[in-house]
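Chains, contacts and geometry: an overview
Residues per chain are reported as follows:
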Amino acid sequence: MLAPSTNEDREWMKELWVNEFGGETVISKGKEHHLRDVEALIAWMDGERVGAATYRLSESDDYCELTGINAVIKGSGIGSELLAVVEQIAKQAGLKHIWLITTNDNVDALRFYQRLGYRIVAFHPNAVDEARKRKPAIPLIGFYGIPLRDEIELQKLL
Ligand SMILES: CC(C)(COP(=O)(O)OP(=O)(O)OC[C@H]1O[C@@H](n2cnc3c(N)ncnc32)[C@H](O)[C@@H]1OP(=O)(O)O)[C@@H](O)C(=O)NCCC(=O)NCCS
């Protein structure tokens, strides 16, 4: 079951972002997003929170940016379900596309997004190195021991 986040989800969301993203902010294409400023959807299973997606709708620019997505249990459909609902919300708001940034080490996410119809539209070399100067919690080594350096931008037309 998915539900928009409420004040009661705040602490859990904060812990999720601190564990997964190293703090209460994420940086994409040089822009910093604070958890308190993004919309969030929570995935629930048997009364427990099992995932979350955060996003921003930009009606003036016709797009939605997915600022974060996490499944506590991987590979069981939680991420796909969350993303489908964010797309639905963006479409209903009349937006034309959804985009997101992932990092060069995140090969599982690259597979996940492309299987769901997202296309790689830009590569931002060393963008993570730049973000790390502002957010030192970003590790030097990412998934599978891959040096974490670059941002990869993906997009899907709605
Ligand atoms: C990326 C993520 C949100 C995907 O959510 P998920 O619930 O695991 O994905 P789903 O179960 O809906 O899987 C969809 C497909 O991706 C595959 N997949 C996704 N993440 C995977 C992983 N970590 N390991 C293996 N397979 C994975 C699934 O096996 C499935 O494959 P299929 O299409 O062949 O059936 C989740 O793995 C996650 O939380 N990753 C860590 C945080 C992260 O990297 N977020 C993205 C930041 S840009």
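Described below are features of the structure shown in this document. (Residues numbered from 1 in each chain as written. Predicted model: local features only at pLDDT ≥ 70, side-chain atom pairs only at ≥ 80, totals over all residues. Heavy atoms only, no water.)

1. Remarks on the overall build of the protein
Helix and strand counts for the protein come out as four helices and nine strands. Secondary structure elements in the protein, listed N-terminal to C-terminal, are β-α-β-β-β-β-β-α-β-α-β-α-β. Expected size for 158 residues packed as a compact globule is a radius of gyration near 15 Å; at 15 Å, the protein falls within 12% of this value. Taking the principal axes of the C-alpha coordinates as reference, the protein spans close to 35 × 30 × 30 Å. Evaluated residue by residue, the protein yields a buried proportion of 43% over its 158 residues. The contacts of the protein with a sequence gap of at least 6 include a subset with a gap of at least 24, amounting to 63%. (Helix = DSSP H or I, 4+ residues; strand = E, 2+ residues; numbered from the N terminus. Rg over C-alpha atoms; globule rule 2.2 N^0.38 Å. Buried < 20%, exposed > 50% of the residue type's maximum accessible area, 1.4 Å probe, protein only. Contact = heavy atoms within 4.5 Å.)

2. Description of the nonpolar core
Core analysis: the biggest nonpolar cluster contains 23 residues, and Leu66, Val86 and Tyr113 have the highest contact counts within it. Elements that contribute at least two residues to this core include exactly β4 (39-45), β5 (48-58), β6 (63-71), α2 (78-92), β7 (97-103), α3 (107-115) and β9 (151-157). If one sorts the elements of this core by residue count, α2 sits on top with five residues. Counting 10 residues, the second-largest nonpolar core is a separate cluster that includes Trp12, Met13, Leu16 and Ile42. (Core = buried A, V, L, I, M, F, W, Y, C linked by side-chain atoms within 4.5 Å.)

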